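These are the residues of each chain, in order.
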Amino acid sequence: MRDYWNNVETPDEEKVMGEVIDLIKKAQPLTYSEIQELRNAAELCDRGHFEYQVKRLAAKVGEKVPAGLDVIMEDPDFDVRVSFMKKVVAAVDPAPVAAR
């Protein structure tokens, strides 16, 4: 599928999501502020802040940010961006909403 707004190929969302989750899991244990920043970015749909946190965690473990993350974060469909961020946070959150 092509993203005509940005004129780039849309990456496989599930693959990129898996790579981001793996990267974040490598960076564990996360500090309170690291996981809270990810939660806040997902709740507020702050894609720039979410990308920044993923970059910080990638640097922490010496990895590269998964290719395609920037394209997903720039998707013109708001729901795509929000659901991506929320799924990632739900997969890596050590204290899910029900436990807090």
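Provided above is the structure to which this section pertains.
Residues numbered from 1 in each chain as written. Predicted model: local features only at pLDDT ≥ 70, side-chain atom pairs only at ≥ 80, totals over all residues. Heavy atoms only, no water.

**Here we look at the pattern of salt bridges**
Side chains bearing opposite charge may pair, as long as their charged atoms lie close to each other.
Part 1 of the reasoning: In total, this model carries five salt bridges according to the counting rule given.
Part 2 of the reasoning: Residue Lys60 pairs with Glu34 through a salt bridge whose shortest N-O separation is 3.1 Å. With Lys60 in helix 3 (residues 47-61) and Glu34 in helix 2 (residues 32-44), the pair connects residues that are 26 residues apart, well separated along the chain.
Part 3 of the reasoning: For Lys60, a relative accessible area of 41% gives the class partly exposed.
Part 4 of the reasoning: Between Asp93 and Arg39 there is a salt bridge, with the nearest N and O atoms lying 2.6 Å from each other. Of this pair, Asp93 sits in the segment after helix 5 (78-92) while Arg39 sits in helix 2, and the two are 54 residues apart along the sequence. (Salt bridge = Lys/Arg side-chain N within 4 Å of Asp/Glu carboxyl O. Helix = DSSP H or I, 4+ residues; strand = E, 2+ residues; numbered from the N terminus. Buried < 20%, exposed > 50% of the residue type's maximum accessible area, 1.4 Å probe, protein only.)

**What about the nonpolar core?**
Part 1 of the reasoning: In this structure, Val20, Ile24, Phe50, Leu69, Phe84 and Val88 are the most contacted members of the largest nonpolar core, which totals 26 residues.
Part 2 of the reasoning: The set of elements that each furnish at least two residues to this core consists of helix 1 (13-26), helix 2, helix 3, helix 4 (69-73) and helix 5.
Part 3 of the reasoning: Filtering out sequence-adjacent residues up to four positions away, Val20 remains in contact with Val54, Pro66, Leu69, Phe84 and Val88. (Core = buried A, V, L, I, M, F, W, Y, C linked by side-chain atoms within 4.5 Å. Contact = heavy atoms within 4.5 Å.)

**Re unusual backbone geometry**
Part 1 of the reasoning: A cis amide bond links Gln28 to the next residue, Pro29, at an omega of 10 degrees.
Part 2 of the reasoning: In this fold, Pro29 is placed in the loop between helix 1 and helix 2.
Part 3 of the reasoning: One non-glycine residue, Cys45, lies in positive phi territory at about 50 degrees.
Part 4 of the reasoning: Positionally, Cys45 belongs in the loop between helix 2 and helix 3.

**Structural notes on helix 2**
Every α-helix carries 3.6 residues per turn, so stepping three or four residues along brings you back to the same face.
Part 1 of the reasoning: Compared with the 18 Å implied by 1.5 Å per residue over 13 residues, the 18 Å span of helix 2 between its first and last C-alpha is a close match.
Part 2 of the reasoning: Three or more residues of helix 2 are buried, namely Glu34, Ile35, Leu38, Arg39, Ala41 and Ala42. Buried residues of helix 2, seen end-on, are gathered within an arc of 165 degrees and therefore sit on one face of the element. Residues of helix 2 that are exposed and angled more than 90 degrees away from the buried face: Tyr32, Glu43 and Leu44.
Part 3 of the reasoning: Where the residues of helix 2 are buried, they touch helix 1, helix 3 and helix 5.
Part 4 of the reasoning: Following helix 2 by one or two positions, Cys45 adopts a phi angle in the positive range, close to 50 degrees. (Expected span 1.5 Å × (residues − 1). Arc of directions from axis to C-beta.)

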